[in-house]
Each structure stands twice: as structure tokens, then as C-alpha cells.
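# Secondary and tertiary structure notes
What follows is each chain in one-letter form.
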Amino acid sequence: MKSFRDKRRDSRPHSARTEPVRPRDTFAPAPPKTGERPETKSLDRQEAKPSRVLVRREGPLPAERLPLILEVAPNADYALLDSGAGEKLEQYGPYRIVRPEGQAIWQRALAAKEWERADAIFTGDTDEEGIGRWRFPKAPLGETWPMKHDGIDYLGRFTSFRHVGVFPEQASHWDHMAGLIAAARRPVKVLNLFGYTGLASLVAARAGAEVTHVDASKRAISWARENQEMAGLSDKPIRWIVEDAVKFAEREERRGSRYDIVLFDPPAYGRGPKGEVWQLFEDLPGLTDLCRSILTPKPLAVVLTAYSIRASFFAIHALMRDTFAGMGGTVESGELIIREKSAGRALSTSLFARWVA
């Protein structure tokens, strides 16, 4: 199971932080308002950074498939029990958790007593004596607890940015990736940029890939290493890299390092460890082009997920098709959703576009 991504997502940052690890990012965004994902903010660029010279790729555009709605249904590991009135009630392993959800503009389907059975509620208030921003109605809970995704054990964690270390909607991408790795019947190298707490990397490694996981947050990498050990996958080839995602990819391009699958899930806004500024709409085209440049001669896929942006998936769909012109394959784009258990409603979580060879 798209995120310490909490004090991204809603936050995935680009920088090593001093605060609790944030969401799936390599950039450190400003703390989101309660119930909202961080939005891209205007910011004076105090540090000039060299821009990648982009030239439109020649050749026919890849085929397209859209809209594609990738859905996660309730299961034994995770379930969206109910949602509404700006909140969601989720089941993570043994715990019921209530968190803000700005897109849940409908009314709750379950009775109030079901919501009152929650073990943890994110309030947005600071707590000077313990874990900030969480209230535990029944009994105080520890910061971490054991969780599982498709047989992979990992640690859930109550972070001060309301995230718990996993983004269940990403399971659709993980399953697809694992299928590509298995079907390749050859060594596969995966690059996971803005890797956060490592679930995607663990899924890829278990499927047989050699994985490079990059996040600028030292705490996120530490958490990911804990998850690898907890999952019993310490013998799997995963490189854990604390680095600015863009700079790492640029170095890989210069070194001639190549990957069969690239995953990237950048934040809307962030700062790198040395003050680098990331603005999604300004910098995403260059990073997408860079991801193409570090693919092997026989690549399998490139997967882009975008949270916290005010845009249609058609925008990133067009970007991906343009970037992968001349390479054949198909660009599939749409939304990641979680299917609610109570009334069967779909909660949209993010946009995505993926090129598949």
C-alpha cells in the first residue's frame, strides 16, 4: 500500500527534513491545511537553476487509452468504510481511522455510532505532549503499528501531516508493475523517484526487479529501510538513495545508467535539500523528458502520478504522449479511485498517466 509524507500529501518532498517525514515526495512542501492537499504556491525563485532545453520529439504519438479509472476495492488489509462531510472513515489493519477528505462533499452513509468507533482521529490540532494532530478516543496508540499489503508487512505510522505511510490507491499501479516485471522474463531495473516509504519498491523487488529508490527525506528512507526488514525482503536488491530526485536522474543520464521502469510521483510544490525550488507545472515537462532519456533500449513503462493539482488528466496525458513520441506503445491516463464499502461511492485521489511499451 500512494505519501512520513505527512507534517505530501498530502506531501512528498524534495528535501531532507527536520520535521516528521512527509509524504511521498522528494520535495518538502509547506504544511497543508487540514483536509486539503498542498496546492502549488507562487514563490520567488531566489536560486536560478539551469533549465533543461526541451525540443518536441519527432515521430508518431503513442496510442492512447482514456479515460482509465483504476480502482481499489475494500480488502482485508485496507478499506474505505465510509466518507462524507469532508472526512473519510478508513480501516487500516486493526485500526479505524478518521481523516479529512476535501473531495467527500456528499453525506455520510453510515450512522454516527460507526464513526464514533474510530481508534484514531486526525484533528489538525497540535499536541504538546505527544503525537501532534491525532486524537485517540479509546486508548492512546503507539506511533507505529504493523500493517500488511498483499502479504508484504510494513509499518503504519501516525504522522503529524495526517498520513499513515501508505497510499492505498497506488495498489493498482503496483499490481500492474509486478505483472510487467513477471512477464518480462529477464532482469528488470526499476527506478522509483519520490519513493517515500517504499511500498512500491518492495512490490517491485518481490516481483524480481533490481530497484533504485530515491527520496530526499532521510527519515522517509529510514522508514523505508524498516519496511524492507519488516517485510522479510532484506536480501532483495534495493538501493536506498537520499537525494534530490531531479538531480539524481540527471546524473544517471550523464552516467549512462538506464532503467526498464520509472515511477515518479512528484509534489505540486517543494524545495530540495539545497534550496532547489520545484513547481509542478514549470518543472514536470523537463522531468518527464528526463525519465524518457534514462530508459533502456527495451523499456517496459513509465508511470506518473499527480496529486494536489488543479488540472485535468488530459494535461498530463498530452504531456506523456508528446514526450514518448516515436517510441510506440500506449499512454493510459485517468484517475486513481478508492471504492467505498458503505454506499459504493468512488473517492478520487489523484490523476495519472503511464506510458506502456
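Residues numbered from 1 in each chain as written. Predicted model: local features only at pLDDT ≥ 70, side-chain atom pairs only at ≥ 80, totals over all residues. Heavy atoms only, no water.

## Comments concerning the overall build of the protein chain
Regarding its fold elements, the protein chain presents seven helices and 17 strands. Looking at the protein chain as a whole, 57% of its 357 residues qualify as buried. Within the structure as shown, the protein chain displays about 14700 Å² of accessible surface, and the carbon and sulfur contribution to it stands at 50%. (Helix = DSSP H or I, 4+ residues; strand = E, 2+ residues; numbered from the N terminus. Buried < 20%, exposed > 50% of the residue type's maximum accessible area, 1.4 Å probe, protein only. Areas by Shrake-Rupley, 256 points an atom, 1.4 Å probe, with all protein chains shown as cover.)

## Topic: the pattern of salt bridges
Going through the model one piece at a time under the given rule, you end up with 24 salt bridges. For Asp-119, the salt bridge goes to Lys-138, with nearest N and O atoms at 3.4 Å. One end of the pair, Asp-119, is in the loop between α1 (112-115) and β5 (120-122); the other, Lys-138, is in the loop between β6 (134-135) and β7 (144-149), with 19 residues separating them in the sequence. Here Lys-138 falls in the exposed class, since its relative accessible area comes to 52%. The shortest N-O distance in the salt bridge between Glu-143 and Arg-157 comes to 3.2 Å. Placement of the pair is Glu-143 in the loop between β6 and β7 and Arg-157 in strand β8 (residues 152-157), with a sequence separation of 14 residues. A relative accessible area of 37% means that Glu-143 is categorised as partly exposed. (Salt bridge = Lys/Arg side-chain N within 4 Å of Asp/Glu carboxyl O.)

## Things to note about the packing of helix α2 (residues 171-184) against helix α3 (residues 199-206)
Interhelical geometry of α2 versus α3 gives an angle of 25 degrees and a closest axis separation of 9 Å. Judged by the angle between their axes, α2 and α3 are roughly parallel. At the point where α2 passes α3, the crossing takes the right-handed sense. On α3, the residues touching Trp-174, Met-177, Ala-178 and Ile-181 of α2 are Leu-199, Ala-200, Val-203 and Ala-204. Taken together, the residues of the contact of α2 with α3 break down into eight nonpolar, no polar and no charged. (Axes fitted to C-alpha atoms, helices over the stretch in contact; angles between N-to-C directions. Parallel < 35°, antiparallel > 145°, perpendicular 65-115°, else oblique. Left-handed = near helix turned anticlockwise from the far one by under 90°. Contact = heavy atoms within 4.5 Å. Nonpolar A, V, L, I, M, F, W, Y, C, P; charged D, E, K, R; others polar.)

## Some points on the side chain of Arg-162
Looking at where Arg-162 falls in the secondary structure, it is placed in the loop between β8 and α2. Owing to a relative accessible area of 5%, Arg-162 belongs among the buried residues under this scheme. Within the local environment of Arg-162, its side chain forms a polar contact with the backbone oxygen of Pro-100, the two atoms lying 3.1 Å apart. (Polar contact = N/O pair within 3.5 Å; in protein donor to acceptor, adjacent residues only side chain to side chain.)

## A word on the sheet that holds β5
Pairing in this open sheet of five strands is mixed, and the strands run β2-β3-β4-β5-β6 from one edge to the other. Looking along the sheet, the strands with just one partner apiece sit at the ends: β2 (78-84) and β6. Two strands pair when backbone bridges link them, and β2 and strand β3 (residues 87-92) are joined in this way by six bridges, in the antiparallel orientation. In the strand pairing of β3, Gly-84 is matched with Glu-87. (Pairing = 2+ DSSP bridges.)

## A few points about α3
Burial analysis of α3 places seven of its eight residues in the buried class, which makes it a mostly covered element. Where α3 is concerned, the buried positions are Leu-199, Ala-200, Ser-201, Leu-202, Val-203, Ala-204 and Ala-205. Phi for Gly-208, located one or two positions after α3, is positive at around 115 degrees.

## Remarks on the packing of helix α6 (residues 280-293) against helix α7 (residues 313-323)
It is the contact of α6 with α7, at a shortest axis distance of 10 Å, that shows an interaxial angle of 40 degrees. Classified by the interaxial angle, the pair formed by α6 and α7 is oblique. Considering how the two elements wind past one another, α6 and α7 form a crossing that is right-handed. Only Ile-316, Leu-319, Met-320 and Thr-323 of α7 make contact with α6, whose side of the interface consists of Leu-284, Pro-285, Thr-288, Asp-289 and Arg-292. Residues of the contact of α6 with α7, tallied by class, amount to five nonpolar, two polar and two charged.

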